[in-house]
Amino acid sequence: MEGPFMDIFKDLLLGFGVAIQPINLLYCFFGVLIGTLVGVLPGVGPAAALSLLLPVTFYVPPVSTIILLAGITYGAMYGGSTTSILVNIPGEAASVVTCLDGYQMARNGRAGPALGISAFGSFIAGTITIFLLIFLAPTLAGFALRFGPPEYFTLMVLGLSIMVYLARGSMINALIMVCFGLILGTVGLDQMTGVPRFVYKSITLMDGVGLIQVVIGLFGISEVLINVEATFKREIFKTKVKGLFPNLEDWRRSIGPIGRGTVLGFFLGIIPGMSVVIPTFVSYVVEKKLSKHPEKFGTGVIEGVAGPEAANNAASTGTLVPMLSLGIPTGAATALLLGALMIHGLRPGPLLIQEAPQVFWGLVASLYIGNAMLLVLNLPLIGLWVKILKIPYHFLFSLILLLCIIGSYITNNNPYDVIIMAVFGLVGYLMKKFNYEAAPLVLALVLGPMMEKALQRSLMISEGGFDIFFTRPISASFLIMALLILLSPLLLRKKRLRENLREGD
Amino acid sequence: MKRLHLYCNLFWFFFSLFICIEAYRYKLGAINKPGPGFFPFCAGFILLILSLAALYQSSKKKNNIEGTPRQEPFRWWNIVIILGSIALYAFSLETVGFLINTFVFMCLLLKVVEPQTWKTAIIGGLITTFAANLVFNVIFRTQIPRGILGF
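Residues numbered from 1 in each chain as written. Chains lettered and ligands numbered in written order. Predicted model: local features only at pLDDT ≥ 70, side-chain atom pairs only at ≥ 80, totals over all residues. Heavy atoms only, no water.

### Quick word on the overall build of chain B
Which entries qualify depends on this criterion: Where helices and strands are cited, they refer to DSSP runs of H or I of at least four residues and of E of at least two residues respectively, numbered from the N terminus. Throughout, the radius of gyration refers to the C-alpha atoms, and the reference size of a globule is 2.2 Å times the residue count to the power 0.38. Whether a residue is buried, partly exposed or exposed follows from its accessible area with a 1.4 Å probe, protein chains only, as a fraction of its type maximum: under 20%, in between, or over 50%, in that order. Residues are treated as being in contact if the distance between any of their heavy atoms lies within 4.5 Å. Each accessible area is a Shrake-Rupley estimate made with a 1.4 Å probe; only the visible protein chains count as cover when residues are assessed.
Tallying secondary structure elements over chain B gives five helices and two strands in all. The linear arrangement of helices and strands in chain B, starting from the amino end, is α-β-β-α-α-α-α. For 151 residues, the compact-globule formula gives about 15 Å, and the C-alpha radius of gyration of chain B, at 24 Å, lies well above that figure. Dimensions of chain B along its principal axes, counting C-alpha atoms only, are 60 × 50 × 25 Å. Across the 151 residues of chain B, 40% fall into the buried class. Taking as baseline every contact in chain B between residues at least 6 positions apart, the subset at least 24 positions apart corresponds to 59%. Of the roughly 9100 Å² of accessible surface on chain B, a fraction of 71% belongs to carbon and sulfur atoms.

As structure tokens, then:
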């Protein structure tokens, strides 16, 4: 038993050796700082921030790039909760649940403990899940070495099915978005034959529709367009923050929710399509169910803050597991992290840990350092983040637009990329109007080319037989799971209909 | 609203039809050796079925009035101005250069979209241009065009 543990310990030491290099510490600091900032600002989520910064990282070494970008994703979780608690504005979707009890705690004069437990809960969750990541990612990578094209194809189908199932509103709309994303992924030169598809003599489209431009358009520009079509008003609740350290009673009530939120968040975060948002809702519901006073939830109970806050931080580490060990992103943010690794010539997947141990273990160590930085940084800077929220929106939106333009331009120094971004800004705006979600589109756009390659190879191996997906146990189980997920709303609706009829009788 | 949803689903129907026809032109290949059109054709075909299902759904839906009527005017012109100015910025960047372009763009947005005084617009434009230049040109050394005037 000593062998593997010693190996992990040595690898972890290597990781810390990489992460504490001054340049990497600096990038880690910038990452968590920018992450907190985008978490604070509504309308600029981690995905948009990552796509804005991705082109800048062309000039940065690969380890520093991944440390910087990962810092943004988990830094955003901290920033989002600060504004949820103090001003009832979730900076990003993963902090929506925190508003329910966090803001009520602030109104009851307990903003300090709410912010404190949110920061400490996130830190505890971050620390525990890093150890889970250390043990799980290499194991999963070893298991994934047995995966062939059919397993990869069906795993991606499963990921997209989960994304569709979890989408808000109509499932048909989410499926339409998946198909649209898959079609967009085929634009450009065919990987096998080199035939240009949907290019129409445009040199810009030869390389395909850029992920960065699509994400900036769908998440950044569309949000601005939605906000400027009506007069934007924002009310700031004035409160004094004092006593950030939760008392013993707060700790007694929070430790259970933090533990459960950590486990739930991490394991739900691993599932492709789940993202960091769903685990926060699950954690809140679980805590409410387990509570002796569920009726008090929503009036400012600390369990309603501790659980979801631990869950969103744990989930952001969990999402890294399939990305690092299988090379499969779980959402828009991990898709961009994957893109960053590929830009730097690394091959995300089962072999990454062996081929680039300094990247994997450096990232793991930086997660721990970054979480500690956030804890030390964020509590004293809370006043500053609230001041940033008071910046008038006319300054904020013009700044966001400028960053969007520069971010999409410097990818290839091509003005047509900016036009593509603007087009997707309009598409994103219309999607919001007609209740279509952007996340399934983005995930399908990223997975599309990988899925196409895996499908083509599978069919070549089986000499044209689709039975290859059903006869191999792993791929068959992935497909069955995907089918059950997609058909479950139909089955449940039938059951509900039958129950309603019985009640009617 | 019902009619708008109907048009939206009609758009998906014609879009998927277009994708299927185009993908067919790229050659579908054989099932044991799929051609370049195979994958987009499959995606387009599934989209076609989904759009038909959505069309059926939206035709069955009752035309309900959603929520309270809109209190504020719909400022559609802001959307046109923003998208137009982004296009203008993109195409003039290489000729006019980063600094002048950014300053004009910021002033335009601050003056027209959420109208501010000239003083606020100019000061806001200057500060943003200076900060953007510091971050992108000085710190990150990205290669944003300087334009014919050399800055």
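### Looking at empty space enclosed by the protein
All names here are of chain A. As a reminder, the rule being used: Cavity means a closed set of points on a 1 Å grid over the protein atoms alone, one where a 1.4 Å probe fits but cannot get out, pocket means an open set with protein on both sides within 12 Å along at least 5 of 7 lines, and lining means a residue has an atom within 4 Å of a point. Grid points are joined across faces, edges and corners, and a volume is the space filled by probe spheres set on the points. Any residue outside Ala, Val, Leu, Ile, Met, Phe, Trp, Tyr, Cys, Pro, Asp, Glu, Lys and Arg is labelled polar, Gly included; the first ten of those are nonpolar and the last four are charged.
What the rule picks out here adds up to one cavity of 30 Å³ or more. In this model, the largest cavity occupies a volume close to 80 Å³. If you go around the largest cavity, the residues you meet are Tyr78, Ser81, Thr82, Leu115, Ser118, Ala119, Ser122, Glu309, Asn378, Leu379 and Ile382. Looking at the lining of the largest cavity element by element, the count peaks at four residues for helix H6 (residues 111–144). Here the residues of the lining of the largest cavity sort into five nonpolar, five polar and one charged.

### Notes on the packing of aromatic side chains
What counts, and what does not: For Phe, Tyr and Trp, rings pair up if their centres lie within 6.5 Å, where Trp contributes its six-membered ring, and each pair is then called stacked (planes under 30 degrees apart), edge-to-face (over 60) or tilted (otherwise).
Applying the stated criterion across every chain yields a total of 24 aromatic pairs over all chains. Judged by centre distance (5.2 Å) and plane angle (90 degrees), the rings of phenylalanine 266 of chain A and phenylalanine 267 of chain A are edge-to-face. Both rings, one in tryptophan 12 of chain B and one in phenylalanine 15 of chain B, keep their centres 5.9 Å apart while their planes meet at 80 degrees; by these two values the pair is edge-to-face. Of this pair, tryptophan 12 of chain B and phenylalanine 15 of chain B both sit in helix H1 (residues 2–25), three residues apart, which is roughly one turn of the helix.

### Details of the interface of chain B and chain A
Rule in force here: By definition, the buried area sums, over both parts, the 1.4 Å-probe accessible area that each loses when the two are put together. The term salt bridge refers to a side-chain nitrogen of Lys or Arg lying within 4 Å of a carboxyl oxygen of Asp or Glu. Throughout this description, a polar contact denotes any pair of N or O atoms lying within 3.5 Å of each other; where both atoms belong to protein, one of them has to be capable of donating a hydrogen while the other can accept it, and for residues adjacent in sequence the pair is counted only when both atoms sit in side chains.
Between chain B and chain A, the contact holds 64 residues from the first and 60 residues from the second. The junction of chain B with chain A conceals about 5600 Å² of combined surface from both sides, 78% of it contributed by carbon and sulfur atoms. Here chain B and chain A share zero salt bridges between them. Summed over the shared surface of chain B and chain A, the number is eight residue pairs in polar contact (both at pLDDT 80 or more). Those elements giving two or more residues to the side of chain B that touches chain A turn out to be H1, strand S2 (33–34), helix H2 (38–60), helix H3 (76–96), helix H4 (98–113) and helix H5 (118–139) of chain B. For the side of chain B that touches chain A, the residue count by class is 42 nonpolar, 14 polar and eight charged.

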